[in-house]
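Fold and contact review
One letter stands for each residue in the lines below.
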Amino acid sequence: MRFSFPSTELRFFSSHAEWKKALAAKSGYSLIDRGSGVRAPSAFLLNGGEREKSWQRLERVLIWLAEKNAERSEPLVVIGGGAVLDLGAFAASLYRRGMPLVLVPTTLLAMVDATLGGKTAVDLRRRGRLQKNFAGTFYPAASVWILPDFLATLPRRERLSGAGECWKMLWLYGKGRSDQALVDYVETGKVGPELLALIRFCLRAKARVVKQDPLDNKRIREALNFGHTIGHALESQSRLSHGEAVLWGMAVESQLKGTLAPEVIDVLRALGLRLPLALRKPKQKAWKAALRADKKNRGGKIELTIAVSPGKRARLRVDFPILWQALQDFPAAFQRAGARPRA
Ligand SMILES: NC(=O)c1ccc[n+]([C@@H]2O[C@H](COP(=O)([O-])OP(=O)(O)OC[C@H]3O[C@@H](n4cnc5c(N)ncnc54)[C@H](O)[C@@H]3O)[C@@H](O)[C@H]2O)c1
Ligand SMILES: [Zn+2]
């Protein structure tokens, strides 16, 4: 399969052996997330996780490439979760003004969300505060390689985090698609054909969106932030994984308009998730401060795109009091839904 934005080749592998063969055939350099379990003798190994996305790490990678005398025509293969992919892609975009990039995502979130679209990044640490993705480039990968075997070793927290982003794509673009495979994967870690079909669906949907808005300046990609206004603010007040915070975020945001809310709450219920403290007993001051930090604020208003029903989207512009009301109403809505069996 080849998407024309901007010509990223998407390759699916059905076995580890086939993938290893392709990797061996690819001359060049590899950056590897230790958490992926992959080892290669001459690779640059990284621990994985958000801490890798720093200027210091970026410089280390560039120096490593320079010491190896890497040429700009030689590919950099980056294998790992979204954090390592963001860092590696940034390095590839900078080294001698850009070398070919192959991304091999090894988490569910990275597969569906961090490969297509060309965004690379490191975080900035300023006065003790972490400013995520504050510096980066647009640099689409030449190839993205998907090997579902990687999904089998993910812990539940990471399975749920990736699944949150898959639900987002299903609700934004996937009218009528069943999500049972996602519930099963989060619960059991089992990787079946239905899950693979969902991953392909998410990638296709993302490819369509980023193709229409490659540099994220036409407001089309904004839809991909469904659940992230509340989700990011919740993340800053809890220890939830990103995708779980986004799931709760979609549940709250979908209370604002449309008919999707009960469906989102059903998923949270089916996963046996407990209402986080910041939603159970929301503190106005904390929420106000967290939402003020949202980068999508314009003229004092909070702008968000939500799914109003599966496959149907709406853009909203609201004041803090509207969101605060939704937050206050949410615990009761969540409890009420608990009384109903999942449809
Ligand atoms: N560039 C983009 O468009 C884009 C989009 C979405 C997210 N992101 C970025 O992605 C990052 C989040 O990615 P993530 O959710 O993959 O988290 P992550 O990269 O932090 O990885 C989570 C953990 O899983 C481990 N891991 C990796 N592969 C594994 C495997 N197969 N089995 C077991 N453990 C494994 C990692 O070592 C790490 O400890 C964030 O930094 C976010 O900003 C980028
Ligand atoms: Zn996200």
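Being a predicted model, the structure only gives us computed values, none of them experimental.

An ideal rise of 1.5 Å per residue puts 16 Å on 12 residues; helix H9 (residues 242-253) measures up with 16 Å between its terminal C-alpha atoms. Taking burial as the measure, the 12 residues of H9 include 12 buried ones, the bulk of the element.

Here the focus is the site of ligand 1. Neighbouring residues of ligand 1: 27 residues in total, closest Gly35, Gly48, Gly81, Gly82 and Thr107. Contributions of two or more residues to the shell around ligand 1 are made by helix H3 (82-94), helix H4 (108-113) and helix H5 (156-173). Per-element tally for the shell around ligand 1: the top contributor is H3, with 4 residues. Across the shell around ligand 1, the residue classes tally to 7 nonpolar, 13 polar and 7 charged.

This brings us to the pairing of strand S10 (residues 302-309). Sheet topology places S10 next to strand S11 (residues 312-318); 7 bridges connect them, and they run antiparallel. Bridging from a neighbouring strand, Ile302 pairs with Val318 of S11.

The next thing to look at is the environment of Leu234. In this fold, Leu234 is placed in helix H8 (residues 228-235). The spatial distance from the C-alpha of Leu234 to the C-alpha of Leu291 is 9.2 Å, given a sequence separation of 57 residues. Ignoring any residue separated from it by four or fewer positions in sequence, one finds Leu234 in contact with Leu240, Ala245, Trp248, Gly249, Pro276 and Ala278.

Further remarks concern H3. Taking 1.5 Å per residue, 13 residues should reach 18 Å; H3 reaches 18 Å between its end C-alpha atoms and fits that length. Most of H3 is tucked away, with 11 of its 13 residues classed as buried. Of all the residues in H3, the buried ones are Gly82, Ala83, Val84, Leu85, Asp86, Leu87, Gly88, Ala89, Phe90, Ala91 and Ala92. Looking one or two places after H3, you find Arg96, whose phi comes out positive at around 45°.

Ranked by internal contacts, the top residues of the largest apolar core, which has 96 residues, are Leu76, Val78, Leu101, Leu103, Val112, Cys166 and Ala251. By residue number, the principal contributor to this core is H5, which donates 9 residues. There are two domains that each give this core at least three residues, and those are domain 1 (2-154) and domain 2 (155-343). With residues up to four places along the chain from it excluded, the contact list for Leu101 reads Pro75, Leu76, Val78, Ala89, Ala92, Tyr139, Ala141 and Ala142.

A few words on the domain arrangement of the protein. Annotation of the protein at the domain level lists domain 1 (2-154) and domain 2 (155-343). Summarising the inter-unit geometry, the C-alpha centres of domain 1 and domain 2 are found 26 Å apart. Between domain 1 and domain 2, the contact holds 20 residues from the first and 22 residues from the second. When residues of the side of domain 1 that touches domain 2 are assigned to their parent elements, the largest contribution, 5 residues, is made by H4. Looking at the side of domain 1 that touches domain 2 residue by residue, the class counts come to 15 nonpolar, 4 polar and 1 charged.

To continue, consider the environment of Ile302. Its location among the elements puts Ile302 in strand S10. Classification of Ile302 by C-beta neighbours within 10 Å gives partly exposed; the count is 19. Sequence-distant contacts of Ile302, that is, excluding residues within four places in its chain, are made with Thr229, Leu291, Asp294, Asn297, Val318, Phe320 and Leu323.

Moving on, we come to the pairing of strand S5 (residues 76-80). Of all 5 residues in S5, 5 are buried, a share of seventy percent or more. Every second residue of S5 is oriented toward a common face, with Leu76, Val78 and Gly80 on one face and Val77 and Ile79 on the other, all of them buried. In the sheet, strand S3 (residues 29-33) pairs with S5 via 4 bridges, with the strands oriented parallel. Paired with Leu31 across the bridge in S5 is Val78. The pairing of S5 with strand S6 (residues 101-105) spans 5 bridges and is classified as parallel. The partner of Ile79 across the bridge, within S6, is Val104. The handedness of the S5 to S6 crossover, carried by H3, is right-handed.

For the rest of this paragraph, the subject is unusual backbone geometry. With a phi angle near 55°, Asn69 is a residue other than glycine that sits in the positive phi range. Within the secondary structure layout, Asn69 lies in the loop between helix H2 (55-67) and S5. Its identity as a non-glycine residue notwithstanding, Asp216 has a phi of 55°, on the positive side. Here Asp216 is to be found in the loop between helix H7 (193-212) and H8.

What follows covers the packing of H9 against helix H10 (residues 261-270). Two elements in contact, H9 and H10, have axes separated by 8 Å at closest approach and are oriented at 150°. In terms of orientation, H9 lies roughly antiparallel with respect to H10. Both H9 and H10 take part in a crossing whose hand is left-handed. Along its contact with H9, which presents Leu247, Met250 and Ala251, the element H10 presents Ala261, Val264, Ile265, Val267 and Leu268. Each residue belonging to the contact of H9 with H10 can be placed in one class, and the counts come to 8 nonpolar, no polar and no charged.

Rules behind the numbers
Residues numbered from 1 in each chain as written. Chains lettered and ligands numbered in written order. Predicted model: local features only at pLDDT ≥ 70, side-chain atom pairs only at ≥ 80, totals over all residues. Helix = DSSP H or I, 4+ residues; strand = E, 2+ residues; numbered from the N terminus. Expected span 1.5 Å × (residues − 1). Buried ≥ 20, exposed ≤ 12 C-beta atoms within 10 Å, placed from the backbone. Near = placed C-beta within 6 Å. Nonpolar A, V, L, I, M, F, W, Y, C, P; charged D, E, K, R; others polar. Pairing = 2+ DSSP bridges. Contact = placed C-beta atoms within 7 Å. Core = buried A, V, L, I, M, F, W, Y, C linked by C-beta atoms within 7 Å. Domains from an automatic or database assignment. Right-handed = clockwise from strand over helix to strand, strands pointing away. Axes fitted to C-alpha atoms, helices over the stretch in contact; angles between N-to-C directions. Parallel < 35°, antiparallel > 145°, perpendicular 65-115°, else oblique. Left-handed = near helix turned anticlockwise from the far one by under 90°.

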